[in-house]
Amino acid sequence: MKKYNVAVVGATGAVGEQMLAILAQRNFPINNVYALASSRSAGKKIAFGDIELEVQDLAEFDFSNTQIGLFSPGASISKEYAPKAAAQGCVVVDNTSQFRYDDDIPLVIPEVNAHQIANYKVRGIIANPNCSTIQMLVALKPLYDAVGIERINVATYQAVSGTGADAIEELSQQSRAILDNKPINCDVYPKQIAFNALPHIDKFMDNGYTKEEMKMVWETQKIMEDDSILVNPTTVRIPVKYGHSEAVHIELKEKLSVQKARDLLAAAPGVVVIDEHKEGGYPTAVTEGEGTDPVYVGRIREDISHPRGLNMWVVSDNLRKGAALNSIQIAEVLINNHI
């Protein structure tokens, strides 16, 4: 089997660490793997399977002998270094928001639109979608293929790990302080996140939606290659460390029975259905999502307010399928079919 040199950019971040772990877990055919980060992190040690890698300075790295670059360093860093890597012959899979809305860069979820990966040749870059979009569309693709979707109403309940390590620490510190009847500090979020829910992720746009909400609109239409799909999102940050949850309400073009929807979802790649009408007969972020790869779907039921409506609950690990795993699945399609 051919082996590849792979660079993980942003290796010391939460997603970068997951990328290294998943590369090892899935036995990706690696010749050499390079952990890259800023000069501040150069020289640090980071785990890759049973070995440790020494972190190298991204600014000094030569990509000319690297076939695949898995980027998750922040949009501004990707903006500078992804084109440089691509110009040196490295195919970049970028997990930041930098390139998602460029018409000539494919935005890919392998279970949904793997055919778009072939278009990487235009600029040498493939974009990884937003975490909340990924899990929603993995769940909706089989239903869209069956009868079409007119409109999606979605409310997300997103883990603090989507903000980063500082947010996880803030949640922990605030929780301890509250339980100990001590004052809390709000440094990462504008309001208390412990024991609370914040209907605000990313900056506010002129239309009153947040950028996180608009990402779900733009990305859904691009990935599904269907600008007619209407998306009405509300994104909420909740005091969970890992795993996003979504209440998804869809209006279909044709009526679909609950049993048919269950059957389609159960047969879909990357989806696990947990849908029993009993206590605990549904997936949650902590008990099923955290640390696992699938998109879980439960609470599948007819919308009693709409003749062609279906409701469902969708859960997935935001750092795995929502980021690192999806990137590596793109790379797997690349090496199997394109490079």
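As a reminder, the structure under discussion sits directly above these lines.
Residues numbered from 1 in each chain as written. Predicted model: local features only at pLDDT ≥ 70, side-chain atom pairs only at ≥ 80, totals over all residues. Heavy atoms only, no water.

Draft legend 1. How the structure looks around the pattern of salt bridges. The final tally for this structure, using the stated rule, is 17 salt bridges. D293 is the partner of R320 in a salt bridge, and the nearest nitrogen-oxygen pair spans 2.8 Å. Highlighted residues: R320 in helix α9 (residues 320–337) and D293 in the loop between α8 (285–289) and β13 (295–302), separated in sequence by 27 residues. Residue classification places R320 among the buried positions, given a relative accessible area of 8%. Look at D293 and you get partly exposed, because its relative accessible area is 27%. Residues participating in the shared-partner salt-bridge network are D102, D104 and R123. (Salt bridge = Lys/Arg side-chain N within 4 Å of Asp/Glu carboxyl O. Helix = DSSP H or I, 4+ residues; strand = E, 2+ residues; numbered from the N terminus. Buried < 20%, exposed > 50% of the residue type's maximum accessible area, 1.4 Å probe, protein only.)

Draft legend 2. Quick peek at unusual backbone geometry. Backbone geometry at F195 places phi at a positive 55°, although glycine is not the residue there. Judged by relative accessible area, F195 falls into the exposed class, the value being 56%.

Draft legend 3. Molecular detail of helix α1 (residues 14–25). Across its twelve residues, α1 extends 17 Å between first and last C-alpha, which sits within 8% of the 16 Å expected from 1.5 Å per residue. Looking at α1, one finds that the buried residues are V15, G16, M19, L20, I22 and L23. Those residues of α1 that are buried lie in contact with β1 (4–9), β2 (30–37), β3 (45–48), β4 (51–54), β6 (68–71) and α9. (Expected span 1.5 Å × (residues − 1). Contact = heavy atoms within 4.5 Å.)

Draft legend 4. Broad picture of the sheet that holds β13. Ordered in space as β10-β9-β11-β14-β13-β12, the six strands form an open sheet in which the pairing is mixed. Of all the strands in the sheet, just β10 (230–237) and β12 (271–273) have a single pairing partner and so form its edges. Ignoring strand direction, the axes of neighbouring strands in this sheet form an average angle of 20°. Strand direction decides the pairing type here: β12 and β13, joined by three bridges, are parallel. For V271, the partnering residue across the bridge sits in β13 and is V295. Across the sheet, helix α4 (residues 131–147) touches β9 (149–158), β11 (244–252), β12, β13 and β14 (309–316), and the angle it forms with β11 is around 30°. (Pairing = 2+ DSSP bridges. Axes fitted to C-alpha atoms, helices over the stretch in contact; angles between N-to-C directions.)

Draft legend 5. Molecular detail of the packing of α1 against α9. For the pair α1 and α9, the least separation of the axes is 9 Å and the interaxial angle reads 50°. As judged from the angle between their axes, α1 and α9 are oblique. Viewed along their axes, α1 and α9 form a crossing whose handedness is right-handed. Listed contacts from α9 to V15, Q18, M19, I22, L23 and Q25 of α1 are R320, A323, A324, L325, S327 and I328. Of the residues contributing to the contact of α1 with α9, the split by class is eight nonpolar, three polar and one charged. (Parallel < 35°, antiparallel > 145°, perpendicular 65-115°, else oblique. Left-handed = near helix turned anticlockwise from the far one by under 90°. Nonpolar A, V, L, I, M, F, W, Y, C, P; charged D, E, K, R; others polar.)

Draft legend 6. Fine view of the nonpolar core. Residues F63, L140, I152, V248, I250, V297 and M312 are the most contacted members of the largest nonpolar core, which totals 55 residues. The residues touching I250, leaving out its near neighbours within four places in the chain, are L140, L143, I149, R151, I152, R308, G309, L310 and M312. Among the nonpolar cores identified, the runner-up in size contains 36 residues, and V15, L20, F28 and L334 belong to it. (Core = buried A, V, L, I, M, F, W, Y, C linked by side-chain atoms within 4.5 Å.)

Draft legend 7. The arrangement of the packing of aromatic side chains in detail. One pass over the full model with this rule turns up five aromatic pairs. Taken together, a centroid distance of 5.1 Å and an interplanar angle of 55° make the contact between Y34 and F61 tilted. Within this pair, whereas Y34 is found in strand β2, its partner F61 is found in the loop between β5 (56–57) and β6, the two being separated by 27 residues in sequence. On the basis of relative accessible area, Y34 is assigned to the buried category, the value being 18%. Classification of F61 as buried rests on a relative accessible area of 14%. (Phe/Tyr/Trp six-rings, centres within 6.5 Å; stacked < 30°, edge-to-face > 60°.)

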